[in-house]
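# A closer look at the structure
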Amino acid sequence: MEIAIPIFERLTALDAVGPYEVLSRIPGGRVRFLAESIGAKRTENGMLALSADALLDELPNPDVIVVPGGYGTRALMQDEQMLDWIRSAHQTSRWTTSVCTGSLLLAAAGILDGLEATTHWLSMDVLREYGAIPVERRVVEQGKVITAAGVSSGIDMALTLAARIAGEEVAQAIQLGIEYDPEPPFDSGSVAKAPAEVVELVRRASARFA
């Protein structure tokens, strides 16, 4: 099973690496990082790089697509090479998925028209502008399209997908293997729970990064 994760400059590392850690453990699965050009792609803070080992055109028909997010998605929403690859790959994929603002690329490609979808809480309005129906759930399944909310939810999405592909027992074994049993030290992991001053702090930080 070919699993394609397209990467790009200013992506969020965990958006790609979280699903990779899960999906690379599916029996018979092979995860590949693709890009418009071979080589390192820097994450949004510039301190880490992921390497693309194949061009988008080298894997036109993957079984699974996982589109990560990050501030780099903004420019790619007008990048026809990336959008055309997503549209074409989606036609034959078994599963088309996204993490965080990766769903903005699915929306820009026309894949989310009229579908419920999620993204990072700061970008919900953009989803609506592109024809999707934004919902505040951590993982949203719409047929073969699965979208995940911000960053860490990509692990939840990948485990959901692993269960669809290989069965719940395999997915549970993967979850145990990576010891994914979160006990966050603070109950501020969603905009609905975080104190107002923390929400504002994140808004300001996001504006500076963007």
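In this text, all values refer to a predicted model and were calculated from it rather than measured experimentally. (Residues numbered from 1 in each chain as written. Predicted model: local features only at pLDDT ≥ 70, side-chain atom pairs only at ≥ 80, totals over all residues. Heavy atoms only, no water.)

## A look at the pattern of salt bridges
Which entries qualify depends on this criterion: The salt bridge definition used is simple: a Lys or Arg side-chain nitrogen within 4 Å of an Asp or Glu carboxyl oxygen. Strands here mean DSSP runs of E at least two residues long; helices mean DSSP runs of H or I at least four residues long; both are numbered from the N terminus. For every residue, the accessible area obtained with a 1.4 Å probe (protein chains only) is divided by the maximum for its type, and the residue is called buried under 20%, exposed over 50%, and partly exposed between those limits.
Scanning the entire structure with this criterion turns up ten salt bridges. Note that Glu116 and Arg137 form a salt bridge whose closest N and O atoms lie 3.2 Å from each other. Of the two residues, Glu116 sits in strand 8 (residues 116-117) while Arg137 sits in the loop between strand 9 (133-134) and strand 10 (139-142), which places them 21 residues apart along the sequence. Relative accessible area serves as the criterion here: at 28%, Glu116 is assigned to the partly exposed category. Note that Arg164 and Glu141 form a salt bridge whose closest N and O atoms lie 2.8 Å from each other. Within this pair, whereas Arg164 is found in helix 6 (residues 153-166), its partner Glu141 is found in strand 10, the two being separated by 23 residues in sequence.

## Some remarks on the packing of helix 1 (residues 13-23) against helix 6
Convention followed: To define axes, lines are fitted to C-alpha atoms, for helices over the stretch in contact only, and angles between the resulting N-to-C directions are given on a 0 to 180 degree scale. The scheme is simple: roughly parallel for angles under 35 degrees, roughly antiparallel for over 145, roughly perpendicular for 65 to 115, oblique for anything else. Crossings are sorted by hand: turned counterclockwise from the far helix by less than a right angle, the near helix makes the crossing left-handed, and turned clockwise it makes it right-handed. Throughout, a contact is declared for two residues whenever any of their heavy atoms are within 4.5 Å. Classification used: nonpolar for Ala, Val, Leu, Ile, Met, Phe, Trp, Tyr, Cys and Pro, charged for Asp, Glu, Lys and Arg, polar for all others including Gly.
Running from amino to carboxyl end, helix 1 crosses helix 6 at an angle of 30 degrees, the nearest separation of the two axes being 8 Å. Here helix 1 is positioned roughly parallel relative to helix 6, judged by the angle of their axes. Relative to helix 6, the crossing made by helix 1 is right-handed. Contact with helix 1, carried on its side by Gly18, Pro19, Val22 and Leu23, involves Gly154, Ile155, Met157, Ala158, Leu159, Leu161 and Ala162 of helix 6 and no other residues of that element. Along the lines of polarity and charge, the residues of the contact of helix 1 with helix 6 split into nine nonpolar, two polar and no charged.

## As for the packing of aromatic side chains
What counts here: Stacked, tilted and edge-to-face are the three classes applied to pairs of Phe, Tyr and Trp rings, where Trp contributes its six-membered ring and a pair requires centres within 6.5 Å; stacked means planes under 30 degrees apart, edge-to-face means over 60, and tilted covers the rest.
Per the counting criterion, the structure on display carries two aromatic pairs. An angle of 35 degrees between the planes, with centres 5.7 Å apart, marks the rings of Tyr20 and Phe33 as tilted. Note that Tyr20 is positioned in helix 1 and Phe33 in strand 2 (residues 30-35), a separation of 13 residues in sequence.

Don't take any of this as a statement about function, it's just geometry.
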